[in-house]
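# Summary of structural features
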Amino acid sequence: MDSLSVFPRRRLMKLLLAGPVLTAAAWDRLKAEAEQSITALSQKYIEDESPDGAYWEELRNFYAFENRFIMMNNGTCGPMPKPVFHALMQAFQTQMSNPYDVYNYQPTFTEAVRRKLAAFLHAEPEEVALVSNTTEGINLIVNGLDMKEGDEVLVTSLEHPGHINPWRLKEKRSGIKIRQVEMPLFPKTTDEIVGAFAAAITPQTQMISISHTVFITGLIMPVKELSRLAHDRGLLLLADSAHGIGMLDLDMKQAGADFFMSSPYKWLGAPTGVGVLYVRKEVLEKVWPTIVSSGWDSKKTAAKLDPQGQRADALLFALDEALNFNNRIGRRRIEKRIKVLSGYLKRELQKIPGVKLHTPLDATLSAGLNAFSVEGVDAARIVDYLREKHNLVVRTTGNREAGTYGVRVSTPIYTSFQEADLIVAGVRHLASRKT
Ligand SMILES: Cc1ncc(COP(=O)(O)O)c(C=O)c1O
(Lines give C-alpha, C1' and ligand atoms only; values in the text may rest on other atoms or scores of the structure.)
Protein backbone atom coordinates (compact mmCIF):
# COMPACT_ATOMS: atom_id res chain seq x y z
CA MET A 1 0.00 0.00 0.00
CA ASP A 2 1.25 3.48 -0.86
CA SER A 3 2.05 5.20 2.44
CA LEU A 4 -0.04 8.19 1.44
CA SER A 5 -3.13 6.42 0.18
CA VAL A 6 -6.24 7.10 2.06
CA PHE A 7 -8.82 4.42 2.76
CA PRO A 8 -7.56 1.93 0.19
CA ARG A 9 -10.63 1.26 -1.91
CA ARG A 10 -10.49 -2.54 -1.74
CA ARG A 11 -10.10 -2.51 2.01
CA LEU A 12 -12.98 -0.10 2.45
CA MET A 13 -15.22 -2.19 0.18
CA LYS A 14 -14.38 -5.32 2.17
CA LEU A 15 -15.30 -3.62 5.39
CA LEU A 16 -18.51 -2.21 3.95
CA LEU A 17 -19.49 -5.58 2.47
CA ALA A 18 -19.02 -7.17 5.87
CA GLY A 19 -22.64 -6.12 6.50
CA PRO A 20 -24.38 -3.41 8.40
CA VAL A 21 -23.01 -4.47 11.77
CA LEU A 22 -19.30 -3.81 11.83
CA THR A 23 -17.43 -4.52 14.99
CA ALA A 24 -16.34 -1.50 16.97
CA ALA A 25 -12.77 -2.62 16.43
CA ALA A 26 -13.22 -2.50 12.65
CA TRP A 27 -14.62 1.03 12.78
CA ASP A 28 -11.83 2.09 15.10
CA ARG A 29 -9.23 0.62 12.76
CA LEU A 30 -10.77 2.48 9.84
CA LYS A 31 -10.74 5.71 11.80
CA ALA A 32 -7.19 5.22 13.01
CA GLU A 33 -6.01 4.61 9.45
CA ALA A 34 -7.62 7.83 8.31
CA GLU A 35 -6.10 9.76 11.20
CA GLN A 36 -2.64 8.40 10.54
CA SER A 37 -2.76 9.07 6.85
CA ILE A 38 -3.87 12.70 7.29
CA THR A 39 -1.19 13.26 9.90
CA ALA A 40 1.38 11.71 7.56
CA LEU A 41 0.19 13.92 4.74
CA SER A 42 0.37 17.00 6.92
CA GLN A 43 3.85 16.13 8.13
CA LYS A 44 5.13 15.38 4.67
CA TYR A 45 3.86 18.63 3.26
CA ILE A 46 4.01 20.79 6.35
CA GLU A 47 6.67 22.99 4.79
CA ASP A 48 4.86 23.11 1.50
CA GLU A 49 2.52 26.05 1.60
CA SER A 50 2.37 26.05 -2.18
CA PRO A 51 -1.14 26.70 -3.41
CA ASP A 52 -1.54 23.49 -5.39
CA GLY A 53 -0.02 20.07 -5.70
CA ALA A 54 -0.02 16.54 -4.37
CA TYR A 55 -1.11 17.44 -0.84
CA TRP A 56 -4.47 18.70 -2.01
CA GLU A 57 -4.87 16.02 -4.64
CA GLU A 58 -4.37 13.34 -1.98
CA LEU A 59 -6.79 15.07 0.32
CA ARG A 60 -9.50 14.77 -2.27
CA ASN A 61 -9.43 11.01 -1.71
CA PHE A 62 -11.12 11.61 1.63
CA TYR A 63 -14.29 12.56 -0.22
CA ALA A 64 -16.61 10.10 -1.91
CA PHE A 65 -18.46 12.08 -4.54
CA GLU A 66 -20.29 10.15 -7.15
CA ASN A 67 -18.34 10.65 -10.36
CA ARG A 68 -21.31 12.65 -11.48
CA PHE A 69 -20.25 15.95 -10.02
CA ILE A 70 -17.90 18.16 -8.06
CA MET A 71 -19.54 20.09 -5.27
CA MET A 72 -18.80 23.80 -5.54
CA ASN A 73 -21.85 24.96 -3.63
CA ASN A 74 -20.67 24.42 -0.05
CA GLY A 75 -22.47 27.64 0.74
CA THR A 76 -25.65 25.55 0.70
CA CYS A 77 -24.42 22.14 1.88
CA GLY A 78 -20.92 20.72 1.85
CA PRO A 79 -19.83 17.08 1.77
CA MET A 80 -18.90 14.98 4.80
CA PRO A 81 -15.41 13.51 4.40
CA LYS A 82 -15.39 9.73 4.75
CA PRO A 83 -14.00 9.58 8.33
CA VAL A 84 -16.81 11.88 9.51
CA PHE A 85 -19.43 9.74 7.83
CA HIS A 86 -17.97 6.62 9.46
CA ALA A 87 -18.01 8.27 12.90
CA LEU A 88 -21.65 9.20 12.33
CA MET A 89 -22.62 5.69 11.23
CA GLN A 90 -20.75 4.13 14.11
CA ALA A 91 -22.54 6.35 16.61
CA PHE A 92 -25.98 5.75 15.07
CA GLN A 93 -25.27 2.03 14.96
CA THR A 94 -25.23 2.08 18.76
CA GLN A 95 -28.98 2.68 18.78
CA MET A 96 -29.44 -0.48 16.78
CA SER A 97 -27.08 -2.70 18.74
CA ASN A 98 -27.01 -1.19 22.24
CA PRO A 99 -29.57 1.56 22.92
CA TYR A 100 -28.53 1.48 26.58
CA ASP A 101 -25.34 3.28 25.52
CA VAL A 102 -27.38 5.91 23.69
CA TYR A 103 -28.53 7.35 26.98
CA ASN A 104 -25.79 6.14 29.29
CA TYR A 105 -22.61 6.64 27.34
CA GLN A 106 -23.19 8.99 24.41
CA PRO A 107 -24.32 12.06 26.40
CA THR A 108 -21.12 11.90 28.46
CA PHE A 109 -19.26 12.91 25.30
CA THR A 110 -21.00 16.29 25.01
CA GLU A 111 -18.61 18.31 27.16
CA ALA A 112 -15.56 16.91 25.38
CA VAL A 113 -16.98 18.06 22.02
CA ARG A 114 -17.85 21.44 23.48
CA ARG A 115 -14.26 21.84 24.69
CA LYS A 116 -12.83 20.85 21.32
CA LEU A 117 -15.20 23.18 19.50
CA ALA A 118 -14.33 26.03 21.87
CA ALA A 119 -10.61 25.48 21.28
CA PHE A 120 -11.25 25.44 17.53
CA LEU A 121 -12.88 28.86 17.81
CA HIS A 122 -10.47 30.30 20.41
CA ALA A 123 -13.40 30.57 22.79
CA GLU A 124 -14.06 29.29 26.34
CA PRO A 125 -16.15 26.11 26.68
CA GLU A 126 -18.70 28.01 28.78
CA GLU A 127 -19.25 30.34 25.81
CA VAL A 128 -20.30 27.58 23.41
CA ALA A 129 -23.80 26.12 22.91
CA LEU A 130 -24.27 23.04 20.72
CA VAL A 131 -27.35 23.95 18.70
CA SER A 132 -28.82 22.62 15.45
CA ASN A 133 -27.86 25.33 12.94
CA THR A 134 -27.30 29.04 12.48
CA THR A 135 -31.01 29.90 12.22
CA GLU A 136 -31.70 28.26 15.57
CA GLY A 137 -28.73 30.09 17.11
CA ILE A 138 -29.98 33.47 15.87
CA ASN A 139 -33.53 32.76 17.07
CA LEU A 140 -32.27 31.78 20.51
CA ILE A 141 -30.39 35.07 20.86
CA VAL A 142 -33.08 37.32 19.40
CA ASN A 143 -35.80 35.71 21.52
CA GLY A 144 -33.60 35.55 24.58
CA LEU A 145 -32.69 39.25 24.77
CA ASP A 146 -34.83 41.73 26.68
CA MET A 147 -35.53 44.66 24.36
CA LYS A 148 -38.25 47.25 24.64
CA GLU A 149 -40.48 49.10 22.21
CA GLY A 150 -38.49 51.59 20.14
CA ASP A 151 -35.12 49.89 20.65
CA GLU A 152 -33.28 49.68 17.33
CA VAL A 153 -31.29 46.97 15.66
CA LEU A 154 -29.06 47.83 12.68
CA VAL A 155 -28.88 45.36 9.79
CA THR A 156 -27.96 45.49 6.09
CA SER A 157 -29.97 44.61 2.98
CA LEU A 158 -27.87 41.44 2.62
CA GLU A 159 -29.15 39.37 5.54
CA HIS A 160 -30.29 35.78 5.09
CA PRO A 161 -33.98 34.96 5.80
CA GLY A 162 -32.83 32.91 8.80
CA HIS A 163 -31.27 36.07 10.20
CA ILE A 164 -33.73 38.83 9.38
CA ASN A 165 -36.96 36.97 10.17
CA PRO A 166 -36.28 36.38 13.87
CA TRP A 167 -35.85 40.17 14.12
CA ARG A 168 -39.09 40.74 12.15
CA LEU A 169 -40.93 38.51 14.59
CA LYS A 170 -39.50 40.45 17.51
CA GLU A 171 -40.42 43.71 15.79
CA LYS A 172 -44.02 42.54 15.54
CA ARG A 173 -44.19 41.17 19.07
CA SER A 174 -42.19 43.71 21.03
CA GLY A 175 -42.24 46.87 18.91
CA ILE A 176 -38.49 47.03 18.38
CA LYS A 177 -37.32 48.73 15.17
CA ILE A 178 -35.20 47.18 12.44
CA ARG A 179 -33.12 49.82 10.62
CA GLN A 180 -31.33 49.02 7.39
CA VAL A 181 -27.93 50.65 7.12
CA GLU A 182 -27.19 52.36 3.80
CA MET A 183 -24.05 50.51 2.89
CA PRO A 184 -22.50 50.09 -0.59
CA LEU A 185 -23.67 46.78 -2.12
CA PHE A 186 -20.16 45.93 -3.21
CA PRO A 187 -17.84 47.67 -0.74
CA LYS A 188 -14.12 47.70 -1.40
CA THR A 189 -12.76 48.70 2.00
CA THR A 190 -13.41 48.05 5.67
CA ASP A 191 -13.70 51.80 6.29
CA GLU A 192 -16.65 52.11 3.88
CA ILE A 193 -18.54 49.50 5.90
CA VAL A 194 -17.64 50.67 9.39
CA GLY A 195 -18.28 54.29 8.42
CA ALA A 196 -21.79 53.44 7.20
CA PHE A 197 -22.63 51.73 10.51
CA ALA A 198 -21.10 54.51 12.59
CA ALA A 199 -23.25 57.07 10.74
CA ALA A 200 -26.43 55.02 11.28
CA ILE A 201 -26.24 54.71 15.08
CA THR A 202 -28.87 56.71 16.98
CA PRO A 203 -29.62 57.03 20.72
CA GLN A 204 -32.20 54.22 20.26
CA THR A 205 -29.73 51.74 18.73
CA GLN A 206 -29.08 48.75 20.98
CA MET A 207 -27.62 46.26 18.62
CA ILE A 208 -25.73 45.70 15.36
CA SER A 209 -26.78 42.44 13.70
CA ILE A 210 -24.78 41.52 10.61
CA SER A 211 -23.78 38.63 8.41
CA HIS A 212 -20.13 37.84 8.90
CA THR A 213 -20.26 35.75 5.72
CA VAL A 214 -22.70 37.38 3.30
CA PHE A 215 -24.48 34.59 1.42
CA ILE A 216 -25.45 36.76 -1.56
CA THR A 217 -22.16 38.45 -2.45
CA GLY A 218 -19.52 36.45 -0.57
CA LEU A 219 -18.44 39.58 1.30
CA ILE A 220 -16.69 38.91 4.62
CA MET A 221 -17.79 41.67 6.95
CA PRO A 222 -15.17 43.22 9.25
CA VAL A 223 -16.50 41.76 12.50
CA LYS A 224 -13.54 42.85 14.60
CA GLU A 225 -13.87 46.49 13.58
CA LEU A 226 -17.67 46.46 13.87
CA SER A 227 -17.48 44.85 17.32
CA ARG A 228 -15.11 47.59 18.40
CA LEU A 229 -17.50 50.22 17.06
CA ALA A 230 -20.45 48.54 18.80
CA HIS A 231 -18.68 48.29 22.14
CA ASP A 232 -17.32 51.86 21.95
CA ARG A 233 -20.93 53.01 21.56
CA GLY A 234 -22.33 50.71 24.24
CA LEU A 235 -24.07 48.33 21.77
CA LEU A 236 -24.13 44.56 21.30
CA LEU A 237 -22.96 42.85 18.12
CA LEU A 238 -24.41 39.68 16.58
CA ALA A 239 -22.43 38.07 13.71
CA ASP A 240 -24.21 35.49 11.57
CA SER A 241 -21.28 33.44 10.30
CA ALA A 242 -23.21 30.55 8.77
CA HIS A 243 -20.28 29.81 6.41
CA GLY A 244 -17.45 30.75 8.75
CA ILE A 245 -16.54 27.53 10.50
CA GLY A 246 -14.29 25.42 8.31
CA MET A 247 -13.79 28.26 5.82
CA LEU A 248 -12.02 30.83 8.01
CA ASP A 249 -9.52 30.47 10.82
CA LEU A 250 -11.90 31.87 13.41
CA ASP A 251 -10.82 33.49 16.65
CA MET A 252 -13.63 34.60 18.92
CA LYS A 253 -11.29 36.54 21.21
CA GLN A 254 -10.05 38.63 18.29
CA ALA A 255 -13.45 38.97 16.64
CA GLY A 256 -14.98 40.40 19.81
CA ALA A 257 -18.58 39.63 18.75
CA ASP A 258 -21.10 39.14 21.53
CA PHE A 259 -23.04 36.49 19.63
CA PHE A 260 -21.72 34.38 16.78
CA MET A 261 -23.30 31.39 15.06
CA SER A 262 -22.17 29.00 12.35
CA SER A 263 -23.31 25.89 10.45
CA PRO A 264 -20.54 23.26 10.31
CA TYR A 265 -22.30 21.23 7.63
CA LYS A 266 -21.33 23.77 4.99
CA TRP A 267 -17.51 24.01 5.09
CA LEU A 268 -16.34 22.00 8.11
CA GLY A 269 -17.56 18.60 6.87
CA ALA A 270 -20.01 17.89 9.72
CA PRO A 271 -23.46 16.41 9.07
CA THR A 272 -26.57 18.57 8.89
CA GLY A 273 -28.33 18.92 12.23
CA VAL A 274 -25.54 20.32 14.35
CA GLY A 275 -24.55 23.96 14.72
CA VAL A 276 -22.54 26.24 16.95
CA LEU A 277 -23.68 29.24 18.97
CA TYR A 278 -21.05 31.36 20.71
CA VAL A 279 -22.02 33.84 23.45
CA ARG A 280 -19.26 36.05 24.88
CA LYS A 281 -19.07 35.27 28.57
CA GLU A 282 -19.46 38.90 29.63
CA VAL A 283 -22.96 38.99 28.10
CA LEU A 284 -24.17 35.50 28.99
CA GLU A 285 -26.50 36.75 31.66
CA LYS A 286 -28.30 39.03 29.19
CA VAL A 287 -29.71 36.00 27.32
CA TRP A 288 -32.73 34.06 28.59
CA PRO A 289 -33.04 30.46 27.43
CA THR A 290 -36.07 29.88 25.18
CA ILE A 291 -36.44 26.10 25.29
CA VAL A 292 -36.10 24.71 28.77
CA SER A 293 -36.35 21.62 30.89
CA SER A 294 -35.12 20.93 34.40
CA GLY A 295 -32.27 23.05 35.72
CA TRP A 296 -32.96 26.04 33.47
CA ASP A 297 -32.80 28.56 36.31
CA SER A 298 -29.43 27.42 37.60
CA LYS A 299 -27.44 27.08 34.36
CA LYS A 300 -25.13 30.04 33.88
CA THR A 301 -23.08 29.04 30.82
CA ALA A 302 -23.98 29.00 27.12
CA ALA A 303 -25.03 25.37 27.64
CA LYS A 304 -28.32 26.84 28.91
CA LEU A 305 -29.08 27.37 25.19
CA ASP A 306 -28.36 23.75 24.17
CA PRO A 307 -31.37 21.82 22.80
CA GLN A 308 -33.38 20.24 25.59
CA GLY A 309 -34.83 16.75 25.71
CA GLN A 310 -33.20 13.77 24.01
CA ARG A 311 -30.88 14.85 21.22
CA ALA A 312 -29.12 12.96 18.43
CA ASP A 313 -25.74 12.63 20.11
CA ALA A 314 -24.49 10.74 17.07
CA LEU A 315 -24.22 14.13 15.39
CA LEU A 316 -21.81 15.29 18.06
CA PHE A 317 -19.54 12.31 17.43
CA ALA A 318 -19.47 13.27 13.78
CA LEU A 319 -18.86 16.92 14.63
CA ASP A 320 -15.94 15.78 16.78
CA GLU A 321 -14.48 13.86 13.83
CA ALA A 322 -15.00 16.84 11.52
CA LEU A 323 -13.05 19.00 13.97
CA ASN A 324 -10.28 16.35 14.05
CA PHE A 325 -10.21 16.29 10.27
CA ASN A 326 -9.85 20.07 10.04
CA ASN A 327 -7.37 20.26 12.92
CA ARG A 328 -5.09 17.73 11.27
CA ILE A 329 -4.98 19.76 8.08
CA GLY A 330 -4.77 23.04 10.00
CA ARG A 331 -7.24 25.91 10.13
CA ARG A 332 -4.75 28.43 8.79
CA ARG A 333 -3.80 26.17 5.90
CA ILE A 334 -7.48 25.61 5.06
CA GLU A 335 -8.29 29.31 5.00
CA LYS A 336 -5.21 29.98 2.92
CA ARG A 337 -6.03 27.28 0.38
CA ILE A 338 -9.62 28.47 0.04
CA LYS A 339 -8.51 32.06 -0.46
CA VAL A 340 -5.78 31.17 -2.93
CA LEU A 341 -8.31 29.30 -5.06
CA SER A 342 -10.95 32.01 -4.89
CA GLY A 343 -8.41 34.76 -5.58
CA TYR A 344 -7.30 32.93 -8.70
CA LEU A 345 -10.88 32.31 -9.81
CA LYS A 346 -11.89 35.94 -9.37
CA ARG A 347 -8.84 37.32 -11.13
CA GLU A 348 -9.38 35.02 -14.12
CA LEU A 349 -13.09 35.77 -14.30
CA GLN A 350 -12.41 39.46 -14.22
CA LYS A 351 -10.41 39.18 -17.45
CA ILE A 352 -13.54 38.11 -19.36
CA PRO A 353 -15.36 41.02 -21.05
CA GLY A 354 -18.80 41.52 -19.49
CA VAL A 355 -18.03 39.84 -16.16
CA LYS A 356 -18.82 41.83 -13.04
CA LEU A 357 -17.49 40.52 -9.74
CA HIS A 358 -19.89 40.89 -6.81
CA THR A 359 -17.26 39.70 -4.32
CA PRO A 360 -14.32 41.88 -3.32
CA LEU A 361 -10.87 40.81 -4.50
CA ASP A 362 -9.42 41.79 -1.13
CA ALA A 363 -8.69 38.60 0.82
CA THR A 364 -9.73 40.20 4.13
CA LEU A 365 -13.15 41.10 2.72
CA SER A 366 -13.72 37.77 0.96
CA ALA A 367 -13.04 34.05 1.32
CA GLY A 368 -14.59 30.96 -0.28
CA LEU A 369 -17.88 32.36 -1.65
CA ASN A 370 -17.46 34.00 -5.04
CA ALA A 371 -20.33 35.77 -6.78
CA PHE A 372 -20.43 37.37 -10.20
CA SER A 373 -22.70 38.22 -13.10
CA VAL A 374 -22.12 38.34 -16.84
CA GLU A 375 -23.69 41.09 -18.90
CA GLY A 376 -26.25 39.60 -21.30
CA VAL A 377 -26.03 36.04 -19.92
CA ASP A 378 -28.58 34.77 -17.41
CA ALA A 379 -26.96 33.38 -14.26
CA ALA A 380 -29.23 30.32 -14.43
CA ARG A 381 -27.85 29.54 -17.88
CA ILE A 382 -24.31 29.61 -16.52
CA VAL A 383 -25.27 27.30 -13.64
CA ASP A 384 -26.92 24.81 -16.02
CA TYR A 385 -24.07 24.94 -18.50
CA LEU A 386 -21.39 24.27 -15.88
CA ARG A 387 -23.40 21.32 -14.57
CA GLU A 388 -24.14 19.82 -17.96
CA LYS A 389 -20.76 20.41 -19.52
CA HIS A 390 -18.33 19.96 -16.60
CA ASN A 391 -20.32 18.30 -13.75
CA LEU A 392 -19.68 21.30 -11.52
CA VAL A 393 -22.38 22.22 -9.00
CA VAL A 394 -22.72 25.97 -8.47
CA ARG A 395 -25.83 28.09 -7.87
CA THR A 396 -27.62 31.33 -8.66
CA THR A 397 -27.81 33.92 -5.92
CA GLY A 398 -29.18 37.39 -5.14
CA ASN A 399 -32.01 39.11 -6.94
CA ARG A 400 -32.44 41.24 -10.03
CA GLU A 401 -34.17 44.22 -8.38
CA ALA A 402 -31.37 44.61 -5.87
CA GLY A 403 -28.71 44.28 -8.55
CA THR A 404 -27.16 41.26 -6.88
CA TYR A 405 -28.44 38.48 -9.16
CA GLY A 406 -25.56 36.29 -10.23
CA VAL A 407 -23.72 32.98 -9.97
CA ARG A 408 -22.14 31.83 -6.70
CA VAL A 409 -19.16 29.49 -6.71
CA SER A 410 -17.56 27.96 -3.60
CA THR A 411 -13.86 27.06 -3.58
CA PRO A 412 -13.50 24.37 -0.88
CA ILE A 413 -10.21 22.60 -0.14
CA TYR A 414 -10.94 19.55 -2.28
CA THR A 415 -11.24 21.62 -5.44
CA SER A 416 -8.26 22.62 -7.56
CA PHE A 417 -7.10 25.20 -10.04
CA GLN A 418 -8.40 22.81 -12.70
CA GLU A 419 -11.96 23.29 -11.51
CA ALA A 420 -11.44 27.05 -11.33
CA ASP A 421 -10.20 26.89 -14.93
CA LEU A 422 -13.31 24.93 -15.99
CA ILE A 423 -15.55 27.59 -14.46
CA VAL A 424 -13.62 30.31 -16.24
CA ALA A 425 -13.70 28.44 -19.55
CA GLY A 426 -17.47 27.91 -19.25
CA VAL A 427 -18.11 31.56 -18.48
CA ARG A 428 -15.83 32.70 -21.29
CA HIS A 429 -17.67 30.44 -23.71
CA LEU A 430 -21.12 31.78 -22.72
CA ALA A 431 -19.95 35.38 -22.56
CA SER A 432 -18.63 35.18 -26.12
CA ARG A 433 -21.92 33.78 -27.41
CA LYS A 434 -24.33 36.27 -25.91
CA THR A 435 -26.59 38.00 -28.34
C1 LIG B 1 -25.60 34.08 6.00
C2 LIG B 1 -26.51 32.94 6.35
N3 LIG B 1 -27.19 32.99 7.50
C4 LIG B 1 -28.01 32.00 7.89
C5 LIG B 1 -28.18 30.89 7.11
C6 LIG B 1 -29.07 29.78 7.58
O7 LIG B 1 -28.27 28.68 7.90
P8 LIG B 1 -28.93 27.36 8.46
O9 LIG B 1 -29.88 26.87 7.41
O10 LIG B 1 -27.78 26.43 8.65
O11 LIG B 1 -29.60 27.69 9.72
C12 LIG B 1 -27.50 30.78 5.89
C13 LIG B 1 -27.66 29.61 5.04
O14 LIG B 1 -27.08 29.46 4.00
C15 LIG B 1 -26.66 31.85 5.50
O16 LIG B 1 -26.01 31.82 4.34
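Keep in mind it's a predicted model, so treat the numbers as computed, not measured.

## Here's the deal with the overall build of the protein
Counting its regular elements, the protein contains 15 helices and 13 strands. Relative to the compact-globule value of 22 Å for 435 residues, the protein shows a C-alpha radius of gyration of 22 Å, a close match. With the principal axes as the frame, the protein shows a C-alpha extent of 65 × 65 × 35 Å. Sequence separation of at least 24 residues holds for 71% of the intrachain contacts in the protein that already meet a minimum separation of 6.

## A short note on the pairing of strand 7 (residues 259-262)
Side-chain alternation along strand 7 places Phe259 and Met261 on one buried face and Phe260 and Ser262 on a second face that is also buried. With three bridges joining them, strand 6 (residues 236-240) and strand 7 adopt parallel strand pairing. Bridge assignment links leucine 238 to a residue of strand 7, and that residue is phenylalanine 259. Across four bridges, the pairing between strand 7 and strand 8 (residues 275-279) is antiparallel. If you follow phenylalanine 259 over to strand 8, its bridge partner there is valine 279.

## Some details on the site of the ligand
In the neighbourhood of the ligand, the contacting residues comprise Asn133, Thr134, Thr135, His160, Gly162, His163, Ser211, Thr213, Phe215, Asp240, Ala242 and Ser263. Those elements that provide at least two residues to the shell around the ligand are helix 7 (134-144) and helix 8 (161-174). For the shell around the ligand, the per-class residue count stands at two nonpolar, nine polar and one charged.

## Describing the domain arrangement of the protein
The parts lose accessible area when they come together, and the size of an interface is often stated as this lost area. By domain assignment, the protein separates into domain 1 (107-323) and domain 2 (333-432). On the side of domain 2, 19 residues touch domain 1, which itself brings 16 residues to the contact. When the residues that make up the side of domain 1 that touches domain 2 are grouped by side-chain class, the tally is eight nonpolar, six polar and two charged.

## Brief notes about the sheet that holds strand 3 (residues 152-155)
On the basis of which strands lie adjacent, the open sheet formed by seven strands has the order 2-8-7-6-5-3-4 and mixed pairing. Unpaired on one side and paired on the other, strand 2 (128-131) and strand 4 (177-180) mark the two borders of the sheet. Within this sheet the neighbouring strands show an average axis-to-axis angle of 20 degrees, counted without direction.

## Digging into the nonpolar core
One finds Ile208, Leu237, Leu277, Tyr278, Ala318, Leu319 and Ile382 to be the most contacted residues of the largest nonpolar core, which totals 113 residues. Residue contributions to this core peak at 10 residues, all from helix 12 (residues 314-329). Setting aside anything within four residues of it in sequence, one finds tyrosine 278 in contact with Leu121, Ala123, Glu127, Val128, Met252, Phe259 and Phe260.

## Comments concerning the sheet that holds strand 9 (residues 355-357)
Strand pairing in a sheet relies on backbone hydrogen bonds. The paired strands run either parallel or antiparallel. Read from one edge of the open sheet, four strands run 9-10-13-12, paired in antiparallel fashion. Edge positions in the sheet fall to strand 9 and strand 12 (395-397), since each of these pairs with one other strand and no more. Strand-to-strand twist across the sheet, computed as the mean angle between neighbouring axes with direction ignored, equals 40 degrees. For strand 10 (residues 369-374) and strand 13 (residues 406-410), the ladder comprises four bridges, and the chain directions are antiparallel. Bridge pairing in strand 13 places alanine 371 opposite arginine 408. Sheet contacts for helix 15 (residues 417-432): strand 9, strand 10 and strand 13; angle to strand 10, the most-contacted strand, approximately 15 degrees.

## Section: the confidence of the model for the protein
Here the protein shows a mean pLDDT of 91. Residues at 70 or above account for 91%. For residues 1-7, every residue scores under 50 in pLDDT, and the model assigns this stretch 16 contacts once sequence neighbours within four places are set aside.

## Observations regarding the pairing of strand 6
Burial of strand 6 is extensive: five of the five residues sit out of reach of the surface. Burial along strand 6 is two-sided: the face carrying Leu236, Leu238 and Asp240 and the face carrying Leu237 and Ala239 are both buried. Relative to strand 6, strand 5 (residues 205-211) runs parallel, the two being bridged by five bridges. In the strand pairing of strand 6, isoleucine 208 is matched with leucine 237.

## Re helix 4 (residues 82-97)
Taking 1.5 Å of rise per residue, the 16 residues of helix 4 would be expected to cover 22 Å, and the 22 Å separating its terminal C-alpha atoms lies within 8% of that figure. Within helix 4, burial applies to Lys82, Pro83, Val84, His86, Ala87, Leu88, Gln90 and Ala91.

## Looking at helix 10 (residues 223-232)
Looking only at helix 10, the buried set comprises Val223, Leu226, Ser227 and Ala230. When helix 10 is viewed along its axis, its buried side chains cluster within an angular range of 105 degrees and face the same direction. Of the surrounding secondary structure, the elements contacted by the buried residues of helix 10 are helix 9 (190-200), strand 5, strand 6 and helix 11 (252-255). Directly beyond the C-terminal end of helix 10, a positive phi value near 75 degrees is found at glycine 234.

## Digging into the environment of aspartate 249
Among the structural elements, aspartate 249 can be located in the loop between strand 6 and helix 11. Residues aspartate 249 and leucine 121, 128 residues apart in the sequence, show an inter-C-alpha distance of 7.9 Å. The residues contacting aspartate 249, other than those within four sequence positions of it, are Arg331, Arg332 and Glu335.

## What about the packing of helix 14 (residues 379-390) against helix 15?
It is at 10 Å that the axes of helix 14 and helix 15 come closest, and there the two elements cross at 125 degrees. Classed by the angle they form, the pair helix 14 and helix 15 counts as oblique. Relative to helix 15, helix 14 is oriented so that their crossing is right-handed. Residues Arg381, Ile382, Tyr385, Leu386, Lys389 and His390 of helix 14 pack against Leu422, Ile423, Gly426, Val427 and Leu430 of helix 15. Its residues assigned to classes, the contact of helix 14 with helix 15 shows seven nonpolar, two polar and two charged.

Conventions we followed
- Residues numbered from 1 in each chain as written.
- Predicted model: local features only at pLDDT ≥ 70, side-chain atom pairs only at ≥ 80, totals over all residues.
- Helix = DSSP H or I, 4+ residues; strand = E, 2+ residues; numbered from the N terminus.
- Rg over C-alpha atoms; globule rule 2.2 N^0.38 Å.
- Contact = placed C-beta atoms within 7 Å.
- Buried ≥ 20, exposed ≤ 12 C-beta atoms within 10 Å, placed from the backbone.
- Pairing = 2+ DSSP bridges.
- Near = placed C-beta within 6 Å.
- Nonpolar A, V, L, I, M, F, W, Y, C, P; charged D, E, K, R; others polar.
- Domains from an automatic or database assignment.
- Axes fitted to C-alpha atoms, helices over the stretch in contact; angles between N-to-C directions.
- Core = buried A, V, L, I, M, F, W, Y, C linked by C-beta atoms within 7 Å.
- pLDDT = per-residue confidence, 0-100.
- Expected span 1.5 Å × (residues − 1).
- Arc of directions from axis to C-beta.
- Parallel < 35°, antiparallel > 145°, perpendicular 65-115°, else oblique.
- Left-handed = near helix turned anticlockwise from the far one by under 90°.

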